[in-house]
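Single-letter residue listing:
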Amino acid sequence: MFTSSRDDSVGGDVDSTQTPERGDWQGITVEPGGTFSMDNAEVRYGRGVTAAVATGFSLTGSTLSHGTTVSVSLSESDPAPVVISGNTFTEMSGGVYDGSVITVAGSGSPAPRVSDNTIEGELPSYARAVSIYGEELLPSLLSGNTADSSTGAAMFVSGSLAEDLTLPRPGLPWVIGDRSWRGLEIPAGVTMTVNEGAVVKSLRSTDSHSGLKVRGSLVVAGSQEAPVVFTSSRDDSVGGDVDSTQTPERGDWQGITVEPGGSATLSQVEIRYSATGLAVNGGTAALSGRLVENVIGISSNGSYVDARHIDWGSPEGPVPGDVVGSGVMYTPWVGYVPPPRPPIAPAQPVPDGNASRCAKYVVFGLRGSGEEPQADWNIFLGWDKPAFVGETDGFGTYNEEIYAAFDRFQPGTKKRVAVQYQALPVPVLDPRVSPSAYMDSIFDGVDKLISRAYEEASDCPDSEFVLLGYSQGALAAHVAMRVLAESDLALLERFVAVGFVSDPGRVVGGGEDLWRTASLVNGQLQVSVPGLLESISPGVWSLPTLWQETTPSGPLPDIIASRTTALCHNGDLICASFLGAGASEHTNYTNDELEALGYMVAFGLPGG
């Protein structure tokens, strides 16, 4: 028994008749280099049992009461074994000196064992049951701890896991982070699994002291009936009160960050009150569930994030700022209603004397999202129409390269025509672009291509049509071909060759010639076939649920598919959306590849 001199309940009266109080004496201090071992003992009224850079620490089967806590700080360069197990802590409501009843900080290997401890009674509002920080944490050694306080009854864990973790687990719930240290890291080779109904809270801190960093694997297996919730330690609506009675706010904690090499598969998860709910910085991620009250819902540096079918708290979907960066696919969301097809777009101007400039081939080019020229935007009126100069303006940078090769390898006369449609940037890259405005932009391309094709067919009845498109331009051309298949087969058959770069409307098994890459080496064509993932992964705009009508989605008409050559890079999320894909492969098609595509388009013509 270790107690205050004022404690007359044991050992007699050695200090008159005064009443003992918490903090009466300093407690037990283990100096650097010392060793501590205590079993089946009792410590009362002390400030705590404190060890700094000890060579060993063991506290088992003992009772600590009246404010007496345990705090062990170890050298990360020379860690020592720590065992705190099977102890009882009681009478702590009057206050604790270290903020937590049990604190272990700076541990490396061997990992600390903090298990099967019981903390009885209420804790002060500021106090926590257990705080653990370590660079090689073994969850199997951190179980069975309990506390019955209405506040602070949790284990605050920060550092890095050294073995797999499954939550929930026996004992105290885990809270990520600490005010003095950092959040929790899942390193490469380690998996953290969170099962349905679990609540994972993170300490309120906007810096590195909170949040979950994933370099290994995070697997969340929630359900619609029992989703997994990641939220602020201040959020008392789920998982109890672990951080007094403060009100949660957006940005309370960092959120979940997936680093290069990491993966996060989050099924039926709800993320609340974070700075960024899910940030993907080179890893892979997919999630379903709900994102509410976050400063930013999802961000990506270009890595593909499948965030479709998310509940954003409104049937209107994410608001500007909810999604940041390229690579996030968030349409359709819960409550999404496909925008109606806009009215047929006005035809683009046709130069005077068009009938006198007929050529064997009319080559139509549809540029990609955000390519110049672009229109002005007004907060009151929205998007204006781009201004074009001449009928080739807006043909598209990639299409220019393809056409140059086509022109070189195909001797027939040619007329180059830019389909001068809106080509708005994708909404995730420009928050001024709404999903409905982007849909209007696509149909602007559909309608302008069809109307100009009718004009060329009328003015030049012997001309044949060649179609080139990149990204949104390829999608608009894809949809236009499906529209013509239902409305005018004769006009459809005038398109004798098609070259697409990264078609968002591509479906699996669509029938076109699809290549991962291509080049001409000493005049010989060399191509690379798609890998398995590209072959079985469709484009991001292939889902029927994105469209109000059935016509836009689906494969190219058979007669067009047989005349189509397409490029889709390995990892280009736009034409083949799968985990591990990204935005960078969408924008780095080379001149050599485009030259080879132009060559294939030229020699794919009848008689080519």
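Please refer to the structure higher up on the page.
About the criteria used
- Counting restarts for each chain: residues are numbered from 1 in the order of the written sequence.
- Local features in this predicted model are restricted to residues whose pLDDT is 70 or higher, and side-chain atom pairs enter the listing and the counts only when it is 80 or higher, whereas totals over whole chains, interfaces and linings include all residues.
- Side-chain numbers come from the whole structure's heavy atoms, not from hydrogens or water.
- What makes a patch is a set of residues exposed beyond 30% relative accessible area and free of salt bridges, joined within 9 Å when like-charged and within 5 Å when nonpolar (Val, Leu, Ile, Met, Phe, Trp, Tyr).
- Only the protein chains shown count as cover for residues, and all accessible areas are computed by the Shrake-Rupley method using a 1.4 Å probe.
- Salt bridge criterion: a side-chain nitrogen from Lys or Arg within 4 Å of a carboxyl oxygen from Asp or Glu.
- We score Asp and Glu as negative and Lys and Arg as positive, and we do not count His or the chain ends.
- Charged groups are reduced to one reference atom each: NZ for lysine, CZ for arginine, CG for aspartic acid, CD for glutamic acid.
- The numbering of helices and of strands both runs from the N terminus, where a helix is a DSSP run of H or I of at least 4 residues and a strand a run of E of at least 2.
- By the convention used here, strands pair only if DSSP detects at least 2 bridges between them.
- What counts as an axis is a line fitted to C-alpha atoms, over the stretch in contact for a helix, and the angles between N-to-C directions run from 0 to 180 degrees.
- By the convention used here, residues are in contact when the closest approach between their heavy atoms is within 4.5 Å.
- Buried Ala, Val, Leu, Ile, Met, Phe, Trp, Tyr and Cys residues that are joined via side-chain atoms within 4.5 Å together make up what is termed a nonpolar core.
- For every residue, the accessible area (1.4 Å probe, protein chains only) is compared with the maximum for its type, and the residue is labelled buried under 20%, exposed over 50%, or partly exposed between those bounds.
- Two N or O atoms count as a polar contact when they lie within 3.5 Å, although within protein this holds only if one can serve as hydrogen donor and the other as acceptor, and sequence-adjacent residues are included solely when both atoms are side-chain atoms.
- Ring pairs are drawn from Phe, Tyr and Trp, using the six-membered ring of Trp, whenever the two centres fall within 6.5 Å, and their geometry is named by plane angle: stacked under 30 degrees, edge-to-face over 60, tilted for the rest.
- We call a charge positioned over a ring when the NZ of a Lys or the CZ of an Arg lies within 6 Å of the ring centre and within 35 degrees of the ring normal.

Engineer: Help me understand a negative patch on the surface in this model?
Structural biologist: Taken together, the side chains of E91, E120, E122 and D148 make up a negatively charged region of the molecular surface. Residue placement: E91 occurs in the loop between β9 (88-90) and β10 (100-107).

Engineer: Whenever I open this one, the sheet that holds strand β38 (residues 495-501) confuses me. Can you help?
Structural biologist: Within a sheet, adjacent strands bond to each other through the backbone by hydrogen bonds, running parallel or antiparallel. A sheet is described by the order of its strands in space; here six strands give the open sequence β36-β33-β37-β38-β42-β39, paired in parallel fashion. Since the sheet does not close on itself, it has two edges, and those belong to β36 (414-418) and β39 (513-515), each with one partner. Mean inter-strand twist for the sheet, computed between neighbouring axes without regard to direction, equals 15°. Relative to β36, strand β33 (residues 361-366) runs parallel, the two sharing five bridges. Looking across to β36, one finds that V362 is bridged to K415. The sheet strands contacting helix α2 (residues 435-459) are β33, β36, β37 (464-470) and β38, and the helix crosses β33 at an angle near 170°.

Engineer: Even after reading the chapter, I still don't get the nonpolar core, so can you show me in this structure?
Structural biologist: A general trend in soluble globular proteins is that nonpolar side chains are found buried together. L218 and F230 are the most contacted members of the largest nonpolar core, which totals 158 residues. In terms of residues, this core owes the most to one element, α2, which gives ten residues. Sequence-distant contacts of L218, defined by excluding residues within four places in its chain, comprise I186, M192, V194, L212, I256, S263, A264, T265 and L266. Membership of the second largest hydrophobic core comes to five residues, among which are A154, V175, L203 and V242.

Engineer: I keep staring at the environment of Q420 and nothing clicks. Help me out?
Structural biologist: Summarising the element assignment, Q420 is placed in the loop between β36 and α2. Assessed through its relative accessible area of 9%, Q420 is described here as buried. In this structure the C-alpha to C-alpha distance between Q420 and K385, which are 35 residues apart in sequence, comes to 9.8 Å. Excluding residues within four positions of it along the chain, Q420 makes contact with Q348, R367, F388, G390, E391, T392, D393 and K448. Among the polar contacts made by the side chain of Q420, one reaches the main-chain carbonyl oxygen of D393 at a distance of 3.1 Å.

Engineer: Any chance you could explain the packing of aromatic side chains here in plain terms?
Structural biologist: By convention here, two paired aromatic rings are described through the distance between centres and the angle between planes. For the structure on display, the rule yields 16 aromatic pairs. Centre to centre, the rings of W333 and Y336 are 5.0 Å apart; their planes meet at 80°, and the pair counts as edge-to-face. The exposure class assigned to Y336 is buried, which follows from its relative accessible area of 13%. With a centroid separation of 6.1 Å and 75° between ring planes, the pair formed by Y398 and Y589 is classed as edge-to-face. Here Y398 is found in helix α1 (residues 397-409), whereas its partner Y589 is found in the loop between β42 (564-567) and α7 (591-603), with 191 residues between them in sequence. Here Y398 and Y589 have matching classes, each one buried. Feature note: the residues Y438, F443, W541 and W547 constitute an aromatic cluster, connected by ring pairs. In this structure, R416 packs its charged tip against the face of F395, placed 5.1 Å from the ring centre.

Engineer: Mind showing me how you'd approach the environment of T587 here?
Structural biologist: Topologically, T587 is positioned in the loop between β42 and α7. Here T587 falls in the exposed class, since its relative accessible area comes to 54%. Along the sequence, T587 and S502 sit 85 residues apart, while their C-alpha atoms lie 9.5 Å from each other. Filtering out sequence-adjacent residues up to four positions away, T587 remains in contact with Y398 and Y470.

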